[in-house]
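Structural overview
Below, each chain spelled out in residue letters.
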Amino acid sequence: MTAIVSWNIQCGRGCDGVVDLERSARVVKAMGEADVICMQEVARNDPEIAGGADQAAEIGALFPGYAVIFGPGVDRPPRQFGNLLLSRLPVLQVFLHLLPQPAEGGIKHMQRQAIEAVLATRGGPLRVVTTHLEYYSARHRAAQLERLRALQEEVAANEANPPKAAASPYDPTPRPASLVLCGDLNLMPGDAEYGALFRPPFVDAWRAARPGEPHPPTTGVFDRAQWPMGGHCRDYFALTPDLAPRVMSFEVDPVTDASDHQPLRLVLRD
């Protein structure tokens with residue numbers, strides 16, 4: 001099996017206001033074995049966050065044996081802020097994608113990014129993408145969803161029409177259409193954006209695992225200061241249809257208050 005955890009860790013800041021990455025790591029490990037760990041809201045060298053710590057390095061040290069891939073959306077040397085992917089599976093390829101940031105005055109927004117890693121799983125090569133879409137701008141989210149869909153179409157087309165093989169750096173390396181996309185997507189199941197994402201070729205892993213069950217809350221369960229609306233879902237796993245029959249389980253930790261989001265764990269059959 002292949003187990004993947006996704007969590008917006010809010011830079012390790014819990015609902016108590018304390019930044020504690022060791023606590024974040026304990027929560028992830030308590031969920032069970034994880035081959036891949038995807039985290040959103042990770043900071044490096046920002047004096048306004050955790051005293052300027054290199055959180056990517058600190059998290060990597062808490063998970064020995066995992067490759068550490070950091071993808072900054074905000075990259076203002078030495079300050080960086082973005083996503084993190086940890087893998088104890090062999091990493092075959094990595095792609096760091098900047099997502100669209102259309103001009104939109106009067107609304108605060110930041111550059112967003114997606115990490116794509118091609119991993120050698122026991123069931124064959126698999127792409128895992130983790131991202132954190134814009135919160136404040138629906139226009140940005142729509143453009144970012146469109147880019148993610150376009151990237152998937154491009155990868156599927158290249159797999160169907162493979163390029164000519166040649167010596168390095170043109171040597172062929174797997175990049176399958178099979179995809180797990182996860183992260184804080186900042187959309188809710190009733191939103192039009194949900195429908196824009198979850199149509200072919202993307203399947204909602206929760207609905208594949210728990211047909212007929214409503215999405216569990218993944219945000220605002222304990223932090224009512226930032227989320228006065230209370231608990232609701234904005235974190236997801238999206239799959240290509242070939243992976244849907246391989247879903248063994250999908251769990252959300254309902255009890256941790258180590259972030260304003262809850263961690264998710266998806267297990268695929270090999």
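Here the structure is a predicted model, which means the values were calculated and not measured. Just so you know, the residues in each chain are numbered from 1, in the order the chain's sequence is written. Local features in this predicted model are restricted to residues of pLDDT 70 or higher, and side-chain atom pairs are both shown and tallied only at a pLDDT of 80 or more, whereas totals for entire chains, interfaces and linings draw on every residue. Excluded from the side-chain calculations are hydrogens and water; all other atoms, namely the structure's heavy atoms, are used.

**Some points on the pairing of strand 3 (residues 67–76)**
Note the following rule: We call two strands paired when DSSP finds no fewer than two bridges between them. For the purposes of this entry, the term helix denotes a DSSP run of H or I that reaches at least four residues, the term strand denotes a run of E that reaches at least two, and both are numbered from the N terminus.
Summarising the sheet, strand 3 and strand 4 (residues 79–87) pair through nine bridges and their orientation is antiparallel. Counterpart to Ala67 in the pairing with strand 4 is Ser87.

**With respect to the pattern of salt bridges**
Convention followed: When a carboxyl oxygen of Asp or Glu lies within 4 Å of a side-chain nitrogen of Lys or Arg, that pair is called a salt bridge. Note on classification: 1.4 Å probe, protein chains only; a residue is buried when its accessible area is under 20% of the maximum for its type, exposed when over 50%, partly exposed between these limits.
Tallying each qualifying case throughout the model produces 13 salt bridges. Close ionic contact of Asp35 with Arg88 constitutes a salt bridge, the shortest N to O distance being 3.1 Å. Pair noted here: Asp35 is in the loop between helix 1 (21–30) and strand 2 (36–44) and Arg88 is in the loop between strand 4 and strand 5 (91–98), with a separation of 53 residues, a long-range link. On the basis of relative accessibility, which here comes to 4%, the residue Asp35 falls in the buried class. Under the relative-accessibility criterion, Arg88 is labelled partly exposed at 35%. Residue Arg112 pairs with Glu134 through a salt bridge whose shortest N-O separation is 3.1 Å. Of the two residues, Arg112 sits in the loop between strand 5 and strand 6 (113–121) while Glu134 sits in the loop between strand 7 (124–132) and helix 3 (138–160), which places them 22 residues apart along the sequence. For the pair formed by Arg112 and Glu134, the shared burial category is buried.

**A closer look at the nonpolar core**
The criterion, for reference: To define a nonpolar core, start from buried Ala, Val, Leu, Ile, Met, Phe, Trp, Tyr and Cys residues and group those joined through side-chain atoms within 4.5 Å. In this description, contact between two residues means that some pair of their heavy atoms is separated by no more than 4.5 Å.
Counting 24 residues, the largest nonpolar core has Val36, Leu85, Val128, Val180, Phe237, Phe250 and Leu266 as its most contacted members. Every element with two or more residues in this core is listed here: strand 2, strand 6, strand 7, strand 8 (179–184), helix 5 (205–209), strand 10 (235–239), strand 11 (247–252) and strand 12 (264–268). In contact with Val128, other than residues within four places in its own chain, are Ile4, Val36, Cys38, Leu85, Ile115, Glu116, Ala117, Leu119 and Val180. One finds Trp7, Leu21, Val27 and Val28 within the second-largest nonpolar core, a separate group that totals 19 residues.

**Considering the packing of aromatic side chains**
Just so we agree on the cut-off: Classification of ring pairs rests on two measures: the distance between centres of Phe, Tyr or Trp rings, Trp counted by its six-membered ring, which must be within 6.5 Å, and the angle between planes, read as stacked under 30 degrees, edge-to-face over 60 and tilted in between. A ring has a charge above it when a Lys NZ or an Arg CZ is no more than 6 Å from the ring centre and no more than 35 degrees off the ring normal.
The final tally for this structure, using the stated rule, is eight aromatic pairs. A ring pair is formed by Tyr135 and Tyr136, whose centres lie 4.8 Å apart and whose planes are at 80 degrees; its orientation type is edge-to-face. Its relative accessible area of 35% is what places Tyr135 among the partly exposed residues. Between Tyr194 and Phe198, the aromatic rings sit 4.7 Å apart at their centres with planes inclined by 45 degrees, giving tilted as the arrangement. Here Tyr194 matches Phe198 in class, with each residue buried. Just above the ring of Phe63 sits the side chain of Lys29; from NZ or CZ to the centre is 5.0 Å. The positively charged end of Arg175 is found above the aromatic ring belonging to Phe95, 3.8 Å away from the centroid.

Nothing here speaks to function; it is geometry throughout.
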